[in-house]
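So you can see what is in the structure, the chains are spelled out below.
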Protein chains: 2
Amino acid sequence: MDANIVKILVSSPIFHDISPSQLDIMLECLKPKINTFSKNSYIAVQGEPYTGLGILLSGEASIIKESASGSRVIMTVIRPGDLFGEMIAFSPRKHWPASVFAQSTCSVMFLPPEKIIGECTHVCGGYKQLIKNMLVLLSTKALMLNQRVEYLAIKGMREKISIYLLEQYKINQKHTFILPLKRNELADFLSVSRTALSRELGRMRDEGIIEFYRTSVKINNLAMLRRGAE
Amino acid sequence: MDANIVKILVSSPIFHDISPSQLDIMLECLKPKINTFSKNSYIAVQGEPYTGLGILLSGEASIIKESASGSRVIMTVIRPGDLFGEMIAFSPRKHWPASVFAQSTCSVMFLPPEKIIGECTHVCGGYKQLIKNMLVLLSTKALMLNQRVEYLAIKGMREKISIYLLEQYKINQKHTFILPLKRNELADFLSVSRTALSRELGRMRDEGIIEFYRTSVKINNLAMLRRGAE
DNA sequence: AAAAATCGGTAGCTATAGCTACCGAGAGTG
DNA sequence: CACTCTCGGTAGCTATAGCTACCGATTTTT
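Computed from a predicted structure; not experimentally measured.

A. How the structure looks around the sheet that holds strand 8 (residues 106-111) of chain A. Residues and elements named next belong to chain A. Ordered by their spatial adjacency, 4 strands build an open sheet running 1-8-3-6, and the pairing between neighbours is antiparallel. Strands with a single pairing partner mark the edges of an open sheet, and in this sheet they are strand 1 (33-37) and strand 6 (83-84). In terms of strand pairing, strand 1 meets strand 8 through 5 bridges, oriented antiparallel. Bridged to lysine 33 within strand 8 is phenylalanine 110. The strands touched by helix 1 (residues 3-11) within the sheet are strand 1, strand 3 (53-58) and strand 8, with strand 3 carrying the most contacts at an inclination of about 125°.

Here it is in C-alpha cells:
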C-alpha cells in the first residue's frame, strides 16, 4: 500500500488509534477499492445504489443535496481524510441520500460496510478499535445533528443570536472575541436571512447590548444578552 | 429473568437476531438495572448525568428537547422495546442532551455502555450481533435526525406540510391515510404553531388539494401538492 | 351521565423576518 | 491603478406565521 495513502488513512477518524502496521493487516482483510474520479464528475449520485463507506484520499469534493425540482444545494465540502456515506453504511437504506461531486480530481477509497463487522474478529488486533471508532463517529455525528436541531428549533431571531453569542462568550471567556463565521455563514447556520440577521444585530447594538465590526464582537451588557436568550 | 421482559428484549432492535438463550448469558455480563417510573415523571432530565443506555420495557414515553426559553420539541415517541440515550453511550459527553418523559407508567432497563464494547468478546456469542445492532441503530438515528434537520430548514409552511404529506403518501401508497401525529404533535414536529398549521391546512383544502378530518387525510390533487413542495 | 380536559378549526391583529435593492468598504487580480 | 468580487450594513415593503381568544366536538375522568 502506498505510504502516502497510509499517512492519510491513519489521520482519518475511522482509523484513529490504529498503528500503520495494524492498518496494513486490516486493509488485507477489508479489501478496499480505490477509484479515481476526474474533476466535475460524480463520485456518488443521489438515489443510486450505495457503493460503500467513502474515504477521500486526495482532491476536494462537495456533498450536494438535489431537490425534486432540480435545485442543488451544497451541504459540505470534504477534504482528504474525510469520510462520507458513514450514516448509510449500517442502515437498511441502500441508496445515496445525497450526491458527492468531485470539485477537483479525486481518489477515493470505498470500504464495503459488511467487512467492518467481518470475519476477522480474532485475527486483526485493530478490529475492536475500528468498531469503537465507528461507534464514536456515528455518535458524534448524531450529537452534532442534534445540536443543529436545537438551534433550528429556536423561534426568535434575537433568541438565536443571543444564545449563539453566549456560547461563543463561554468558549472564549472574554467579552471581546472573533466569530468563527462570516455573516453569510452565520445566517446559514442559524437558518435565517443575512439581512434580517444584520438588522437584528444592529438593533442589539443600538440597545447597547453589543458592539461589533465584521466578525469581531464585544459584549457590553451581559445581563441584557442573557435576557434576550430568555 | 422474567419471561415477559425477555420477550420484550428479543423484540428490541438492540437484541435483534439474538436468541433468548444467548440473551440470558449476555444479561449476566451486562448487569442491567431495571427501574419503574410513574406517569408524567421524568425518566431522564436534559443536562443531568447520563444514566446509561435505556430500553423501555413497558409504558409509553416521549423524548423531548427543551430549549432555554422553555419551548418543547417532540423528537420521538417511544414504546416498549425502543431505546433511548444510544447517541451518548459512545460519545465523550456524559449528560443527557434531551429529556425522556413518561407518558404513562414505565419500566426501563439501563445498560452501562462500557459493557457493550466490554471484555466478554470471546465469551458471548451474541456479542458481535449486539455491536452490529448498535451500528445499525446509530446509523438509523443519524439519518432520522438528518431528515429532521431538513424539515426544520424548510422555510414555508406550505412547503413543510406538502413535503410531510408526500412522505406519508409514499409510506401508505394510498390517497387516503391516517397521520401518525395529532395536530399538536405535528405542529411540534414541523416546529410551527398549531393555529398556523390548521390555517394552512384549511387553505390547502379550499384550493382543492386535500381533504381532511382530524388525523385522516385524503389527497385530491397530487400534482398541486407536489408543486407546493417546490 | 355529568364534568373536565383535550383536540381542532377559525378569525383578527400584529410582530417578525424575508426579499429586493442599494451602497460603501476591503480584498484580490489584471 | 482601475476592475471586479465578496462582505456587510441599511431601508422599505410585504408576506408570513405567531399569538390570543373563542367555540364546538370528542374523549376521558369521576
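B. Quick peek at the nonpolar core. One finds Ile14, Phe15 and Ile43 of chain A together with Ile14, Phe15 and Ile43 of chain B to be the most contacted residues of the largest nonpolar core, which totals 101 residues. Isoleucine 14 of chain B has contacts with Leu53, Ile55, Leu83, Leu111, Leu130, Asn133, Met134 and Leu137 of chain B, leaving out every residue within four places of it along the chain.

C. Region of interest: the pattern of salt bridges. Enumeration over the complete set of coordinates arrives at 13 salt bridges over all chains. With a closest N to O distance of 2.7 Å, glutamate 200 of chain B and arginine 158 of chain B form a salt bridge. A residue pair is termed long-range when its members are at least 10 positions apart, and glutamate 200 of chain B in helix 6 (residues 194-206) and arginine 158 of chain B in helix 4 (residues 157-172) qualify at 42 residues. Residue classification places glutamate 200 of chain B among the buried residues on the basis of a relative accessible area of 9%. Salt bridges sharing common partners tie together Arg158, Glu200, Arg203 and Glu207 of chain A.

D. Local environment of the sheet that holds strand 11 (residues 216-219) of chain A. All names here are of chain A. Across the sheet, 3 strands lie side by side as 9-11-10; this open sheet has antiparallel pairing. Each edge of the open sheet is held by one strand with a lone partner, namely strand 9 (176-178) and strand 10 (210-213). The mean inter-strand angle of the sheet, taken between neighbouring strand axes irrespective of direction, is 20°. Relative to strand 11, strand 10 runs antiparallel, the two sharing 4 bridges. Each bridged residue has a counterpart across the sheet, and for glutamate 211 the counterpart in strand 11 is lysine 218.

E. Here's a closer look at the protein's contact with DNA strand D. Residues in close proximity to DNA strand D total 21 residues, the closest being Arg183 and Ser198 of chain A together with Met157, Ser193 and Arg199 of chain B. Of all atoms in DNA strand D that approach within 4 Å of the protein, 55% are sugar or phosphate atoms. In this structure, arginine 194 of chain A approaches DNA strand D through a side-chain N or O atom, which is 3.0 Å from a base nitrogen. Mapped by element, the contributors of at least two residues to the surface near DNA strand D are helix 6 (183-190) and helix 7 (194-206) of chain A together with helix 6 of chain B. Take the surface near DNA strand D: its biggest share by element is 5 residues, from helix 7 of chain A. By residue class, the composition of the surface near DNA strand D is 5 nonpolar, 7 polar and 9 charged.

F. Inspection of the domain arrangement of chain A at higher detail. The domains assigned to chain A are domain 1 (3-150) and domain 2 (155-228). One C-alpha centre belongs to domain 1 of chain A, the other to domain 2 of chain A, and the line joining them spans 35 Å.

G. How the structure looks around the environment of proline 49 of chain A. All names here are of chain A. For proline 49, the location among the structural elements is in the loop between strand 2 (42-44) and strand 3. Classification of proline 49 by relative accessible area gives exposed; the value is 60%. Counting along the chain gives 45 residues from proline 49 to lysine 94, while the straight-line C-alpha distance between them is 5.8 Å. If we skip the residues at most four places from it in the chain, proline 49 touches Lys94, His95 and Trp96.

H. A look at the pairing of strand 8 of chain A. All names here are of chain A. Within strand 8, 6 of the 6 residues are buried, leaving the element largely enclosed by the surrounding structure. Side chains Cys106, Val108 and Phe110 of strand 8 all project onto a buried face; the interleaved residues Ser107, Met109 and Leu111 project onto the opposite face, where all are buried too. Note that strand 3 and strand 8 share 5 bridges and pair antiparallel. If you follow leucine 53 over to strand 8, its bridge partner there is leucine 111.

I. Quick look at the packing of aromatic side chains. In the structure shown here, the tally under the stated rule is 14 aromatic pairs over all chains. Between the aromatic rings of phenylalanine 84 of chain B and phenylalanine 110 of chain B, the centroid separation amounts to 6.0 Å while the plane-to-plane angle is 90°, which identifies the pairing as edge-to-face. You can see phenylalanine 84 of chain B sitting in strand 6 (residues 83-84) and its partner phenylalanine 110 of chain B sitting in strand 8 (residues 106-111), a full 26 residues away along the chain. Take phenylalanine 84 of chain B and phenylalanine 110 of chain B: they sit in the same class, and that class is buried. Site record: aromatic cluster; members linked through ring pairs are Tyr50, Phe84, Trp96 and Phe110 of chain A.

J. The arrangement of helix 6 of chain B in detail. Residue and element names in this part refer to chain B. Spanning 13 residues, helix 6 covers 18 Å between terminal C-alpha atoms, matching the ideal 18 Å at 1.5 Å per step. Among all positions in helix 6, only Ala196, Leu197, Glu200, Leu201, Gly202 and Met204 are buried. For helix 6, the secondary structure elements touched by its buried residues are helix 4, helix 5 (183-190), strand 10 (210-213) and helix 7 (222-228). Note on helix 6: the residue one or two positions beyond its end, glycine 208, has a positive phi of about 80°.

K. Structural context of the interface of chain A and chain B. Counting from both sides, the interface comprises 37 residues of chain A and, opposite them, 37 residues of chain B. Carbon and sulfur atoms make up 70% of the surface buried where chain A meets chain B, a total of about 3,400 Å² over both sides. When residues of chain A are sorted by the area they lose upon contact with chain B, Leu135, Leu143 and Val149 of chain A head the list and together hold 18% of the total. Where chain A packs against chain B, one counts 1 salt bridge. One salt bridge connects glutamate 150 of chain B with lysine 65 of chain A, and the closest N-O pair in it is separated by 3.3 Å. The interface formed by chain A and chain B includes 4 residue pairs in polar contact (both at pLDDT 80 or more). When its residues are assigned to classes, the side of chain A that touches chain B shows 19 nonpolar, 7 polar and 11 charged.

L. View of the protein's contact with DNA strand C. Residues in close proximity to DNA strand C total 19 residues, the closest being Met157, Ser193 and Arg199 of chain A together with Arg183 and Ser198 of chain B. Sugar plus phosphate: this is where 51% of the atoms of DNA strand C within 4 Å of the protein reside. Contact distances for DNA strand C include 2.6 Å between a phosphate oxygen and a backbone N or O atom of methionine 157 of chain A. Arginine 199 of chain A places a polar side-chain atom, nitrogen or oxygen, 2.7 Å from a base oxygen of DNA strand C. When residues of the surface near DNA strand C are traced back to their parent elements, those giving at least two are helix 7 of chain A together with helix 5 and helix 6 of chain B. A per-element tally of the surface near DNA strand C places helix 6 of chain B first, with 5 residues. Of the residues belonging to the surface near DNA strand C, the class tally is 5 nonpolar, 6 polar and 8 charged.

The rules we used
- Residues numbered from 1 in each chain as written.
- Chains lettered and ligands numbered in written order.
- Predicted model: local features only at pLDDT ≥ 70, side-chain atom pairs only at ≥ 80, totals over all residues.
- Heavy atoms only, no water.
- Pairing = 2+ DSSP bridges.
- Helix = DSSP H or I, 4+ residues; strand = E, 2+ residues; numbered from the N terminus.
- Contact = heavy atoms within 4.5 Å.
- Axes fitted to C-alpha atoms, helices over the stretch in contact; angles between N-to-C directions.
- Core = buried A, V, L, I, M, F, W, Y, C linked by side-chain atoms within 4.5 Å.
- Buried < 20%, exposed > 50% of the residue type's maximum accessible area, 1.4 Å probe, protein only.
- Salt bridge = Lys/Arg side-chain N within 4 Å of Asp/Glu carboxyl O.
- Near = heavy atom within 4 Å.
- Polar contact = N/O pair within 3.5 Å; in protein donor to acceptor, adjacent residues only side chain to side chain.
- Nonpolar A, V, L, I, M, F, W, Y, C, P; charged D, E, K, R; others polar.
- Domains from an automatic or database assignment.
- Phe/Tyr/Trp six-rings, centres within 6.5 Å; stacked < 30°, edge-to-face > 60°.
- Expected span 1.5 Å × (residues − 1).
- Buried area = accessible area lost by both parts, 1.4 Å probe.

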